[in-house]
Amino acid sequence: MLILVPSSSKELHPLNIDMEDNRRKQTKGCDLRSRLQRRSSHAPNTERLSTEEIILWSQSLERLLTSKYGMATFQAFLKSEFSDENIEFWLICEDYKKIKSSFRLSSRAKKIYKTYIEAEAPKEINIDHKTRDLIGQNVKTPSTVCFDEAQRIVYSLMEKDSYPRFLRSNIYRTLLDSTSDYMKM
């Protein structure tokens, strides 16, 4: 497919989008690794992102999500696939469970429901109608566990779908290869 893009001389030249996509795919993992390495090098007393840590991410979704860099990389991957609502919802639920104030619990529950649960929500997650209805009832008298079933479903979806795709992705493979190459130097 061809598109026209402006050049520096303000005229339009055809650009082969497939070549551009391939270039982006090749550099995406390297760019992400560089950003993660820069973050770790600016923080005091932190180690560089290691091949061993990246390999640990492949053992389970739980391992990936407990790693600061693993979480950031997985979020970047999901965002690149326009499917980051699941990880956002899961993380928001983790924070929600820590709320102590009943007023904050109630207001946050309504916000989560409107953003992720209700039909046609801006970041609607993929859950069944029965669970959606149950959460609708739970939000009327919210507790720290009112989103647990939806969170379990979303985690399972990520584990069975997003996580395996992540492990096969150019982002993960390139990051793993580039740290392996770095270790050989």
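Residues numbered from 1 in each chain as written. Predicted model: local features only at pLDDT ≥ 70, side-chain atom pairs only at ≥ 80, totals over all residues. Heavy atoms only, no water.

- As annotated in an unreviewed UniProt entry, the chain carries the name Regulator of G protein signaling 13a and is attributed to Hucho hucho.

### Let's talk about the packing of helix H4 (residues 68-80) against helix H8 (residues 148-168)
- Between H4 and H8, the shortest axis-to-axis distance is 10 Å and the interhelical angle comes to 95 degrees. What the angle tells us is that H4 and H8 run roughly perpendicular. Residue-level inspection shows Thr 73, Phe 74, Phe 77 and Leu 78 of H4 in contact with H8, the latter providing Met 158, Ser 162, Tyr 163, Arg 165 and Phe 166.
- Looking at the contact of H4 with H8 residue by residue, the class counts come to 6 nonpolar, 2 polar and 1 charged. (Axes fitted to C-alpha atoms, helices over the stretch in contact; angles between N-to-C directions. Helix = DSSP H or I, 4+ residues; strand = E, 2+ residues; numbered from the N terminus. Parallel < 35°, antiparallel > 145°, perpendicular 65-115°, else oblique. Contact = heavy atoms within 4.5 Å. Nonpolar A, V, L, I, M, F, W, Y, C, P; charged D, E, K, R; others polar.)

### Considerations on the side chain of Gln 151
- One can find Gln 151 in helix H8.
- On the accessibility criterion, Gln 151 (4% relative accessible area) is buried.
- Here Glu 94 takes part through its side chain, which lies 2.7 Å from a polar atom of the side chain of Gln 151.
- What Gln 151 contacts, discounting residues up to four positions off in sequence, is Phe 89, Trp 90, Cys 93, Glu 94 and Lys 97. (Buried < 20%, exposed > 50% of the residue type's maximum accessible area, 1.4 Å probe, protein only. Polar contact = N/O pair within 3.5 Å; in protein donor to acceptor, adjacent residues only side chain to side chain.)

### Topic: the nonpolar core
- One finds Trp 57, Phe 74, Phe 89, Ile 117 and Phe 147 to be the most contacted residues of the largest nonpolar core, which totals 40 residues.
- Counting residues per element, this core draws most heavily on H8, at 8 residues.
- Discounting chain neighbours no more than four positions away, the residues touching Ile 117 are Phe 89, Ile 112, Ile 125, Ile 127, Arg 132, Ile 135, Phe 147 and Ala 150. (Core = buried A, V, L, I, M, F, W, Y, C linked by side-chain atoms within 4.5 Å.)

### Digging into the pattern of salt bridges
- Evaluation of the coordinates by the stated rule reveals 8 salt bridges.
- Across the pair Lys 123 and Glu 88 runs a salt bridge whose closest N-O atoms are separated by 2.7 Å. With Lys 123 in the loop between helix H6 (102-117) and helix H7 (129-138) and Glu 88 in helix H5 (residues 85-96), the pair connects residues that are 35 residues apart, well separated along the chain.
- With relative accessibility at 35%, the residue Lys 123 sits in the partly exposed group.
- Close ionic contact of Glu 149 with Arg 152 constitutes a salt bridge, the shortest N to O distance being 2.4 Å. (Salt bridge = Lys/Arg side-chain N within 4 Å of Asp/Glu carboxyl O.)

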